[in-house]
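# Inside the fold
Here are the chains, one letter per residue:
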Amino acid sequence: MESSSFSFPCIQIITLLIFSHTMFSSVKPVAVIHFSEDLYTRSRNASVSPPPPPVPVPALYVIGDSSVDCGTNNFLGTLARADHLPYGRDFDTHRPTGRFSNGRVPVDFLDEVLDEMSKCLLALRLGLPFAPSYLGQSGSVQDMMRGLNYASAGAGIIFSSGSELGQHISFSQQIQQVMDTFQQFILTMGEHAAADHISNSVFYISIGTNDFIHYYLPDVSGVQSKFFAWMFTRFLAQTMKQEIKNLYNANVRRVVVMGLAPIGCAPYYLWQYNSQNGECIKPINNVILEFNFVMRYTVEELNKELVDANIIFCDAYAGSMDILKNKDQYGFTYTDTACCGLGRYNGWLMCLSSGMACRNATNHLWWDQFHPTSAVNEILAENVWSGLHNKMCYPMNMQQMVAQRVKMSDDVINRFLNQA
């Protein structure tokens, strides 16, 4: 039966996490299994004609939370860490990297796509190396020019979202790190070359889930009595809009804004609300739908207001629900129970040891309490790139976006240099 309140016993959960880490830390992994078979070759939009050959993309820069964190939190004092097995067991190296998945996160698949482009312009896929964590990168400007990942697990659009988990790099702090990177480019490359590099790179933003998980839903500081859900989502969207404008003023032109996934279907909430037969928690999903609706409208506004901007919104909710409703077609068996966890739906505790994980993650939609498996991440990445399985992105997909090279006028470059 669904609860009528969004209560969230944070202190109890954190206490249980610490206790369970001690309890399961000595458990040995049952097996480490890597699955290379592609289960997702069947396209639901096979008739879509390919766009024109893309233009080289110099770099992919990632801003966000645990949905795209590739190791930032390995360097922070926080409970939100994925630097231990079984996280990363199906990654390319079969080792934990800090990614909250059994394998890759969505931007890893997009990096691979972008990398092929430098090898063959006629290929449908592009190609760059995996964007390293900003805190874990070498410091070489040449490496930074190939892409960076600023994302931090626990981060939200609101500065304090997720703070009960420990340290994280908030959204505004990540934007500041981006600006610091730009300064390095100007000093090393020169002003005009830096402006051209930034304007033709792609900036991928995936953030906002923690503002609901760790702020609005647990009713921190009585926020629900002060803001209706609609008002709260508008506040988040306006904050996001301003930060995107800040990026635009620093010469950013290509931006991918990810909507939020249906966290009302996440194993944690299925457990907390005692879901019957794995049914999603509608009040939570309704709030997420509102946020995505407002963000899509906000992106439309930005494209009208900002000259030469090319900003797309990709609806992770729609893409995820398509997988959920067509699980057999995608090859999934378990859509409500996490591969790794404890309790009903494996939603009571997060993934703490290999002994808590299933053997085969490829037939699971959820990896842990809140995060999808690498298999799901690949499908969503394919949708962001080309709409292969489901049209998620508006007004165009990422492949169409990067096919259009950005040409900066002298006036725009001078305005950028004056602000820098």
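Everything here concerns the structure above.
This section reports on the structure supplied with the text. (Residues numbered from 1 in each chain as written. Predicted model: local features only at pLDDT ≥ 70, side-chain atom pairs only at ≥ 80, totals over all residues. Heavy atoms only, no water.)

Along its length, the protein chain carries 15 helices and 6 strands. The buried share of the protein chain, reckoned over its 420 residues, is 57%. In the protein chain, of all internal contacts separated by at least 6 residues, the share reaching a separation of at least 24 is 73%. When the accessible surface of the protein chain is summed, it comes to about 17200 Å², and 54% of that surface belongs to carbon and sulfur atoms. (Helix = DSSP H or I, 4+ residues; strand = E, 2+ residues; numbered from the N terminus. Buried < 20%, exposed > 50% of the residue type's maximum accessible area, 1.4 Å probe, protein only. Contact = heavy atoms within 4.5 Å. Areas by Shrake-Rupley, 256 points an atom, 1.4 Å probe, with all protein chains shown as cover.)

One finds Phe 212, Val 256 and Met 398 to be the most contacted residues of the largest nonpolar core, which totals 103 residues. The residues touching Phe 212, leaving out its near neighbours within four places in the chain, are Leu 217, Pro 218, Phe 232, Thr 233, Leu 236, Leu 260, Ile 263, Val 287, Ile 288 and Phe 291. Ala 153, Cys 339, Met 356 and Trp 367 belong to the second-largest nonpolar core, a separate cluster that totals 16 residues. (Core = buried A, V, L, I, M, F, W, Y, C linked by side-chain atoms within 4.5 Å.)

A turn of α-helix holds 3.6 residues, and therefore any two residues three or four places apart point the same way. With 13 residues, helix α13 (residues 374–386) should reach 18 Å at 1.5 Å per residue; the first-to-last C-alpha distance of 18 Å fits that figure. When you tally the buried positions in α13, you get 12 out of 13 residues, the bulk of the element. Of the residues making up α13, those classed as buried are Ser 374, Ala 375, Val 376, Asn 377, Glu 378, Ile 379, Leu 380, Ala 381, Glu 382, Asn 383, Val 384 and Trp 385. Note on α13: the residue one or two positions beyond its end, Gly 387, has a positive phi of about 70°. (Expected span 1.5 Å × (residues − 1).)

Moving on to helix α6 (residues 209–216). Among the 8 residues in α6, 8 count as buried, and that is most of the element. Buried-residue contacts for α6 involve α7 (223–226), α8 (229–249), α9 (267–272) and α10 (282–305).

One way to put it is that helix α4 (residues 171–189) packs onto α8 with a least axis distance of 11 Å and a crossing angle of 5°. Classified by the interaxial angle, the pair formed by α4 and α8 is roughly parallel. Where α4 approaches α8, its residues Phe 171, Ser 172, Ile 175, Val 178 and Met 179 are matched on the opposing element by Met 240, Glu 243, Asn 246 and Leu 247. (Axes fitted to C-alpha atoms, helices over the stretch in contact; angles between N-to-C directions. Parallel < 35°, antiparallel > 145°, perpendicular 65-115°, else oblique.)

Note that every value here comes from positions in space, so none of it alone points to a role or purpose.
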